[in-house]
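Spelled out, the chains give:
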Amino acid sequence: MKTIAATTALLAATWLGATSVSAQDAAAGEKSFAKCRACHQVGEAAKNVIGPALNGVFGRQSGTVEGYSYSPANKNAGITWDDASFAEYIKDPKAKMPGTKMVFAGIKNDKEIADLTAYLKQFGSDGKKL
């Protein structure tokens, strides 16, 4: 019986350790955002530039940032950005949304995408950190 309890405890500790290693890291996501910064801004002073400002992107409908000229593909995609849709899009924007004007090779690494997601989720629609 002690062996079963010890094995269960060891498996639980291993699982918890693996979970914390794969947890989202907003600081790493901020570094990853450097790849996006040439076209996008985030934060209280963010503006639409080559791409739209990304404040409050999660929970927002695609193609709806006021003052940004989206492609018809983006305006008509009908995507509400969440973790899954963002991950699929950022891996290969043109595959997820044919006709998008976003020119980006994509981020293929799931951990990097999760970190970038955590970073972006810090910003409300007003650009303030939540």
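This text follows the structure it describes.
Residues numbered from 1 in each chain as written. Predicted model: local features only at pLDDT ≥ 70, side-chain atom pairs only at ≥ 80, totals over all residues. Heavy atoms only, no water.

Undergrad: Account for helix 6 (residues 110-120), naming residues and giving values.
TA: Burial of helix 6 is extensive: nine of the 11 residues sit out of reach of the surface. Of all the residues in helix 6, the buried ones are Glu112, Ile113, Ala114, Asp115, Leu116, Thr117, Ala118, Tyr119 and Leu120. Next to the buried residues of helix 6 lie helix 2 (26-32) and helix 4 (83-91). The residue sitting at the N-terminus of helix 6 and contributing the capping side-chain oxygen is Asn109; that oxygen lies 2.9 Å from the backbone nitrogen of Lys111. (Buried < 20%, exposed > 50% of the residue type's maximum accessible area, 1.4 Å probe, protein only. Helix = DSSP H or I, 4+ residues; strand = E, 2+ residues; numbered from the N terminus. Contact = heavy atoms within 4.5 Å. Polar contact = N/O pair within 3.5 Å; in protein donor to acceptor, adjacent residues only side chain to side chain.)

Undergrad: Please set out the pattern of salt bridges residue by residue, giving values where relevant.
TA: Evaluated as defined, the whole model comprises five salt bridges. Note that Asp83 is salt-bridged to Lys121, the shortest N-O span being 2.5 Å. Here Lys121 lies in the segment after helix 6 and Asp83 lies in helix 4, a separation of 38 residues in the sequence. Asp83 sits in the partly exposed class, given a relative accessible area of 33%. Here Lys96 makes a salt bridge to Glu88, at a shortest N to O gap of 3.1 Å. (Salt bridge = Lys/Arg side-chain N within 4 Å of Asp/Glu carboxyl O.)

Undergrad: Can you explain the packing of aromatic side chains? Please cite residues and give values.
TA: Applying the stated criterion to the full structure yields five aromatic pairs. Summarising the aromatic geometry, the rings of Phe33 and Tyr119 are spaced 5.5 Å apart at their centres and angled 45° between planes, so their arrangement reads as tilted. Of the two residues, Phe33 is situated in the loop between helix 2 and helix 3 (72-75) and Tyr119 in helix 6; the sequence distance between them amounts to 86 residues. Using a relative accessible area of 1% as the deciding quantity, one classes Phe33 as buried. Look at Phe58 and Phe86: their rings are 5.3 Å apart centre to centre, the planes differ by 70°, and that puts the pair in the edge-to-face class. Here Phe58 is found in the loop between helix 2 and helix 3, whereas its partner Phe86 is found in helix 4, with 28 residues between them in sequence. (Phe/Tyr/Trp six-rings, centres within 6.5 Å; stacked < 30°, edge-to-face > 60°.)

Undergrad: Describe the nonpolar core, naming the residues involved and giving the relevant values.
TA: Phe33, Trp81, Phe86, Leu116 and Leu120 are the most contacted members of the largest nonpolar core, which has 19 residues in total. Residue assignment for this core shows that the elements contributing at least two residues are helix 4 and helix 6. (Core = buried A, V, L, I, M, F, W, Y, C linked by side-chain atoms within 4.5 Å.)

Undergrad: Give a description of the state of the cysteines that names residues and reports values.
TA: This model, assessed by the stated rule, comprises zero disulfides. Take Cys39: it sits in no disulfide, and the sulfur closest to it among the cysteines is that of Cys36, at 8.7 Å. The class for Cys39 is partly exposed, based on a relative accessible area of 28%. (Disulfide = S-S within 2.5 Å.)

Undergrad: Break down helix 4 for me, citing the residues and quoting the values.
TA: Helical geometry note: an α-helix holds 3.6 residues per turn, so side chains three or four residues apart project in the same direction. Those residues of helix 4 lying buried are Ser85, Phe86, Tyr89 and Ile90. Down the axis of helix 4, the smallest arc covering the buried residues is 120°, so these residues share one side. Looking at the buried side of helix 4, the elements it contacts are helix 3, helix 5 (93-96) and helix 6. Sitting at the head of helix 4, Asp82 places a side-chain oxygen 3.2 Å from the backbone nitrogen of Ala84. (Arc of directions from axis to C-beta.)

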